[in-house]
Each structure stands twice: as C-alpha cells, then as structure tokens.
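Tertiary structure, described
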Amino acid sequence: MVLQDHSVGTFQTGDYVVFACLFVVSSGIGVFFAVKERKKASSREFLVGGRQMTCGPVALSLTASFMSAVTVIGAPSDVYRFGASYVIFGIAYTFVVILTAELFLPVFYRSGITSTYEYLELRFCKPVRIAATLIYMVQTILYTGVVVYAPALALNQVTKFNLWGSIIATGVVCTFYCTLGGLKAVVWSDAFQMVVMVVGFLTVLVQGSNSSGGIAAVWKTAQDGERLDIFNFDISPLRRHTFWTVTIGGMFTWLGVYGVNQSTIQRCISCKTENHARWALYLNLLGLWLILFCAVVSGLIMYAFYAGCDPWTAGYVSAPDQLMPYFVLDILGRYPGLPGLFVACAFSGTLSTVAASINALATVTYEDFVRQCCGDISNRAATWISKALCVVFGVACTSMAVTASYMGAIVQAALSIHGMCGGPMLGVFSLGILFPFTNSKGAIGGLLLGITLAFWAAVGAFIYPASPNYTNPLSLSTENCTLLNSTAAAAAAAVTQTPLLISTAASSDRSVLAESWYSMSYLYYSTVGFLATVIGGLLITVLTVPSKPQDVKPGLIRPVCDLFCFCSEKYRRLCWCGVNHAEEKMDLADLDFGTAWEIHPDQDKIIKTGRNGKKQSYDLQDEAYNNTAFVPDTTGQVMSGN
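Residues numbered from 1 in each chain as written. Predicted model: local features only at pLDDT ≥ 70, side-chain atom pairs only at ≥ 80, totals over all residues. Heavy atoms only, no water.

Taking an unreviewed UniProt entry as the reference, the protein is identified by name as Sodium-coupled monocarboxylate transporter 2 belonging to Astyanax mexicanus. The protein has a UniProt comment under Sequence similarities (unreviewed entry) that states "Belongs to the sodium:solute symporter (SSF) (TC 2.A.21) family." UniProt lists a comment for the protein under the heading Subcellular location (unreviewed entry), and it reads "Cell membrane". (UniProt positions renumbered as here; feature names shortened; annotations may be inferred.)

**A short note on the packing of helix 4 (residues 69–82) against helix 15 (residues 338–374)**
Direction vectors running N to C along helix 4 and helix 15 enclose 120°, while the axes themselves pass 6 Å from each other. With respect to their mutual orientation, helix 4 and helix 15 come out oblique. Where helix 4 approaches helix 15, its residues Ala-69, Val-72 and Ile-73 are matched on the opposing element by Phe-342, Cys-345, Ala-346, Gly-349 and Thr-350. Partitioning the contact of helix 4 with helix 15 into residue classes produces 6 nonpolar, 2 polar and no charged. (Axes fitted to C-alpha atoms, helices over the stretch in contact; angles between N-to-C directions. Helix = DSSP H or I, 4+ residues; strand = E, 2+ residues; numbered from the N terminus. Parallel < 35°, antiparallel > 145°, perpendicular 65-115°, else oblique. Contact = heavy atoms within 4.5 Å. Nonpolar A, V, L, I, M, F, W, Y, C, P; charged D, E, K, R; others polar.)

**A word on the state of the cysteines**
All told, the structure shown has 1 disulfide when counted by the stated rule. Between the sulfur atoms of Cys-309 and its disulfide mate Cys-481 the distance is 1.8 Å. The sign of the 115° torsion about the S-S bond sets the Cys-309-Cys-481 disulfide as right-handed. Linking Cys-309 in the loop between helix 12 (274–305) and helix 13 (311–314) with Cys-481 in the loop between helix 20 (468–471) and helix 21 (486–497), this pair joins segments that are 172 residues apart in sequence. (Disulfide = S-S within 2.5 Å.)

**A few points about the pattern of salt bridges**
A full pass over the atoms with the stated rule returns 8 salt bridges. Across the pair Arg-239 and Asp-234 runs a salt bridge whose closest N-O atoms are separated by 3.3 Å. Taking relative accessible area as the criterion, Asp-234 reaches 27% and is therefore assigned partly exposed. Between Glu-274 and Arg-278 there is a salt bridge whose closest N-O contact spans 2.8 Å. Of this pair, Glu-274 and Arg-278 both sit in helix 12, 4 residues apart, which is roughly one turn of the helix. Residue Glu-274 is classed as buried on the basis of its relative accessible area of 4%. Via salt bridges that share partners, Glu-102, Arg-110, Glu-274 and Arg-278 belong to a single interconnected network. (Salt bridge = Lys/Arg side-chain N within 4 Å of Asp/Glu carboxyl O. Buried < 20%, exposed > 50% of the residue type's maximum accessible area, 1.4 Å probe, protein only.)

**Digging into a nonpolar patch on the surface**
On the surface, Phe-231, Phe-233, Ile-235, Trp-244 and Ile-248 cluster together to form a nonpolar patch covering roughly 530 Å² of accessible area. As for its position among the elements, Phe-233 is in the loop between helix 9 (215–224) and helix 10 (243–258). Exposure remark for Phe-233: the relative accessible area of 47% places this residue in the partly exposed category. (Patch = residues over 30% accessible without salt bridge, like charges linked within 9 Å, V, L, I, M, F, W, Y side chains within 5 Å. Areas by Shrake-Rupley, 256 points an atom, 1.4 Å probe, with all protein chains shown as cover.)

**Topic: helix 10**
Along its 16 residues, helix 10 runs 21 Å from first to last C-alpha, staying within 8% of the 22 Å computed at 1.5 Å per residue. Along helix 10, the sharpest change in direction is near 30° and occurs at Gly-250. Most of helix 10 sits inside the fold, with 14 of its 16 residues counted as buried. (Expected span 1.5 Å × (residues − 1). Bend = angle between axes of the 7 residues up to and from the residue.)

**Looking at the nonpolar core**
Membership of the largest hydrophobic core comes to 160 residues, with the highest contact counts inside it found for Tyr-119 and Leu-120. When residues in this core are grouped by element, the largest group, 17 residues, is from helix 15. With residues near it in sequence (within four places) discarded, Leu-120 still touches Cys-125, Val-128, Arg-129, Ala-132, Val-428 and Phe-429. (Core = buried A, V, L, I, M, F, W, Y, C linked by side-chain atoms within 4.5 Å.)

**Thoughts on the packing of aromatic side chains**
For the coordinates displayed, the defined rule picks out 24 aromatic pairs. An angle of 55° between the planes, with centres 6.5 Å apart, marks the rings of Trp-254 and Tyr-258 as tilted. Remark: Tyr-258 and Trp-254 occur in helix 10; sequence separation between them is 4 residues, near one turn of the helix. Residue class for Trp-254 comes out buried when judged on its relative accessible area of 6%. Centroid distance Phe-435 to Phe-437: 6.3 Å. Interplanar angle 75°. Geometry classified as edge-to-face. Classification of Phe-437 as partly exposed rests on a relative accessible area of 25%. Among the aromatic side chains, those forming a connected cluster through ring pairs are Tyr-86, Phe-89, Tyr-93, Trp-254 and Tyr-258. Over the ring of Tyr-303 we find Arg-227; its NZ or CZ atom is 4.0 Å from the centre of that ring. The aromatic ring of Phe-82 is capped on one face by Arg-240, whose charged end is 4.1 Å from the ring centroid. (Phe/Tyr/Trp six-rings, centres within 6.5 Å; stacked < 30°, edge-to-face > 60°. Lys NZ or Arg CZ within 6 Å of the ring centre and 35° of its normal.)

**Observations regarding unusual backbone geometry**
For Glu-226, which is not glycine, the phi torsion reads 65° and is therefore positive. Note that Glu-226 resides in the loop between helix 9 and helix 10.

**Quick look at the environment of Tyr-143**
Inspection of the secondary structure puts Tyr-143 in helix 7 (residues 126–159). Given a relative accessible area of 5%, Tyr-143 falls into the buried group. When the C-alpha atoms of Tyr-143 and Met-400 are compared, they prove to be 8.9 Å apart, with 257 residues separating the residues in sequence.

**Observations concerning the side chain of Arg-129**
Relative to the elements of secondary structure, Arg-129 occurs in helix 7. Accessibility expressed as a relative area gives 3% for Arg-129, which makes it buried. At 2.5 Å, the side chain of Arg-129 and the side chain of Asp-368 are in polar contact. Beyond its immediate stretch of four places on either side in the chain, Arg-129 contacts Tyr-117, Glu-118, Leu-120, Glu-121, Glu-367, Asp-368 and Gln-372. (Polar contact = N/O pair within 3.5 Å; in protein donor to acceptor, adjacent residues only side chain to side chain.)

**Some details on the packing of helix 19 (residues 440–463) against helix 24 (residues 525–543)**
Axes are the key here: two packed helices are described by the angle between their axes and the distance separating the axes. Where helix 19 contacts helix 24, the two axes come as close as 7 Å, and the packing angle between them is 150°. Classed by the angle they form, the pair helix 19 and helix 24 counts as roughly antiparallel. Crossing geometry of helix 19 relative to helix 24 is assigned as right-handed. Together, Lys-441, Gly-442, Gly-445, Gly-446, Leu-447, Leu-449, Gly-450, Leu-453, Ala-454, Ala-457, Ala-458 and Ala-461 of helix 19 and Tyr-525, Val-528, Gly-529, Ala-532, Thr-533, Gly-536, Gly-537, Ile-540 and Thr-541 of helix 24 make up the contact between the two elements. Of the residues that constitute the contact of helix 19 with helix 24, the class distribution is 11 nonpolar, 9 polar and 1 charged. (Left-handed = near helix turned anticlockwise from the far one by under 90°.)

In structure tokens, the structure reads:
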C-alpha cells in the first residue's frame, strides 16, 4: 500500500507576479476607458456604454460574471463529493438562454429603459418598482459577499494568502475600474478575465489528467467511485441533485439571474442592436458550456487523484471548498507561476462578478431613486453621482464578505440566494410580460407571497440542514493517507465506512417540517418563489379588477404566442387579452432609445426628438413598432408611454 504524503507546494515569487498582473491589467482597463471616454461624460455613457457595445465582449462579460469563483472553486468540489450530475446544469443553461433571448430581452431592449425595474413602474406602479429594486439590492449584495469571501478563505487556508488583504484588494480594484471606466471598463475587463479563467482551467485539466494516469484512468476511477452516475430520475423534491431538480430548479434559478437580473439586462441593452444583444446571449451559452465542462472534468480528475486519500476527511484541509486550491498546489506547486495562474483564474471570476454587481447596483440606485427624487440632473452631475454610488456599493459588497462566512458551501449558498430572491422576481416580471390582464395589486401581492415562501424555506433549511439521506454524499477513502493524528484517523474511518448514515435519534428528533419543507432541494427555492408569485398574483388579480386592455401598453407585454410563428391569429388575440398589437417592426438599429415622442400635426405620424435635439418623424401606417408604447388605435390616435 502506497501512503500519500499531505505536503504540497507553496506560492513562489513567480506566482505572486502572475497573480498581481491580473489586478494591474484590470485596473489598467479602467484607466484606459476613463481617459478615452472623458469627452463623452454622461450617465448614459457611464452606465450603459452609450448603447454601442458589440456581441463579442458582452458575451464574454456575461459568462465571466456568472461563472464566478463559485464555479471555479465550488463546482469541482461539488462534483468531487456528489458526482458529475452537476453537468445537467448544461440543459438548464440552454433553456435559460433561449427564454431570455426570445422572451425577456425584446421587451427590455425595445422599451429603451436603463434600469430593469423601471419596467415594473411602466407596467404596474411605482411601489412594485421600489419593492423589486430593494429585493434586487439585497440579493446582489449578499451574493457578492459570498463571491468575495469564499475564494479568499479557500486560498488563505491553502496558500496562506492573507484573508482580509485579498478581500480588500478585490473590492478596491473592482471599485477602482468601475468608478473610472463605467460599463465599458466592466465589460472589457470581464472579457480579459474570461480568457484567464479558461487558461487557468485548461492548465489544471492537462496537468491533473497527466498526474492521475491519463483520461482513461480518470474515467475508470470515477466510474468505480460512482461519480459518473449522472441521471437520477427520482422525482422527490427532497433529493439535492437529480435530473429534475437540476433541470427544472436550475432553470428557474438561472432564469432569475439571466432573464430579469439588472446585471445581465444592463449589458444586453448596452449592445448597439437587438440582434447583437441576442447573439451575445447565445455566444455566452457556449461559454457557459465550456466553463461547466472544465469544472466538472476538474472535479472528476481531482477525485481520481485523491481516490485513495481524501484530503478533507484526512484533515489536510478544513472545508470542501479548499479542495480545489489544495489540488492545484499539489499538482502545480513545482512549476513556478502556474499556481499563480489558477489563483488568477479564481479571482478573475470574483473580479468580474463583483464589478458587474457594483455597476448594476449603481445603475438601479441612480435610475430608481436618485433620478426619481432629484428630477432633472445635468450630465456632469449625473456622472459624478453614478461614480460616487460605485464607491459606496464597492465598500458595501466588500464588507458583506463577513456575513458570507456563516453561509456554508459556496455553490449552495450562492444558488440559494439567487433562488430566494430571483424566483419571486422572475415571477413578478412574468406576470407583467406574459399575462396582460394582471393588475398592480396582483403584482405586489404575488411578489410578497413568493418572497415569504422562498425565504421561509431557505432560512429554515439553514437552521435545520437536510440530512445526508437527502443530500446523498458519495463515499470517500483515506486508505492511502498519512493521517495527521489518531483522532483524524478515527474520524476518517467513520466517514469512509458509513458515509450516508445519520443518527436515528437525531432523525427522530427532527420535526415533520424539518424533514419535508426544510429538506427541499435548494434548487427549488426559485421554483417555489416563482410559482407562488405567479399563482398568487393571478388569483389576487381575478379577485380584484383585472387590468383593462386599453390601459396596457402593447410594448410592455409579450405573450408566449409571440414566440411561435404557427399560432393562429385567433389564438394570438386570445393571449393578448384584447390589447392592441401590431405585426410589423421598425428598424431597431436606427432608433435612439431614451428619446421623447410626440404626435405629428397630421395625426398619422409621430415625431421622435433625440437627446441631441434632432427630430425625425415616422409614419404609423407604414412602420408600426410593436414593442414601444406608441401604436395607432382604431381612432387613429397614439397611445403614449408616459
């Protein structure tokens, strides 16, 4: 029997140099755009890049922001402990991107809004907008805290990186280039960081597979360890990861992140045309698949490498989320610069997510609160206010990292936060977009119901964690380890021999609620929140007075029938619930969004006044635009969006 020593390499000068280059280049991008765009100083340029971005960098930015350090460090650890069922998220990502690109994006892009939650005021009322904005701010600050804290802690424990030094450095650098360069700096920094993430992952894949005896050996070891039992079709909602929980629950969780989240939509509407925005989402899907594949294969390689000596059980690391950094130092420690490359990979995910969060928080705060309270603000003042908000939220997100230390495993903590808040948010936007008759009372009532149920389930699960019988961790071995002490050896033997058993006494002491509602898979929090919001909202609408068709602006709804060309005109009229809708569109590439509109004296035209003062008229009979609030009604008048 070969004993495996627990000593691994340490960070060297070359590693620190590679890691520092990430921060220097990211900061440099912020300085570059600050200098380049200094003559275009306006809040519109700062917050949405002047709506002139192309699909390529936006796609990379989207992927980098949501495939954060949670994925780089947490996902391989999840695969190591629970198996490769994590790969099923690829199916969920596919549905999410398609629905976002074809259902939600057209409404947001064509309405010309800057804050996603501005839509809720246009469709319902101001209280709904304010409630949604506050929920989004809580969600984003909590999630960002996890994203900042988790990699810093894991790297601190393994590489002895200073914990608070790395947290503060992350917050300072992100705040710096967000404040200087605005959205363009965020997008291009994300694009650079995405490349770093892929290179870091590929380095681990190549060296890790070589150190484990090759891909064939990795596959066989993973198969013998039951890590390749991917498709579990158990329909129980209590099972942590099955085909249904990952596909359905994962879809609703990530749809709340992609479909209606300010961070995503803000970058999509920064594209020069709607087609660029749609292509950015589909190209981003390829990036999601690539990072997911790298994370899952990394987890399998790590399991194959440690099949005879699990570092966590043996006591070499104190938490599962430290496994990936430990593994990297184990296989790359003798190659100066390569461990630093992986650390840069992990922190690339962190930087991109934090930067996107700071920029999005500044945007919604400015649009939904500052602009509403202060009225007309000069471009110069608006830009400085936006930059000040970036600083404020940079400090807030960095400070929230302290709270993240109590949230457990980073993948589950991050997706739980998205589920608690994202599901109800997805529900209230779906009420507005898919159901034309929903009224304001239904929207606010449904949102409150959804948030209450989702938080109840998530907080209850935090207090009463699900038993291993539901989470189903796979067996781990310490047979070939040089254990640190006899206590660790005894603990290892216990874990190795009976990985799935729990105390009968402890189980019997748990309440029925703890064994059912609180044991629900964390991926279903979003589904519960979504369904509660939609069902509650529709019931409240029916019990009160549904919205009248003439009060609903056509550009603010998009019934499902619009996605299918084979739907008959009769079915379309039924789905639109009497709301007038046109069939033709104007050329979106030529529209200057955020403009003022007025009725032409001839009554059959509208006049667009751009922000530069230039006026242009459009003939309503020739160029009906079905996703603005301006369409001709039966009397020849114009419905105004104001």
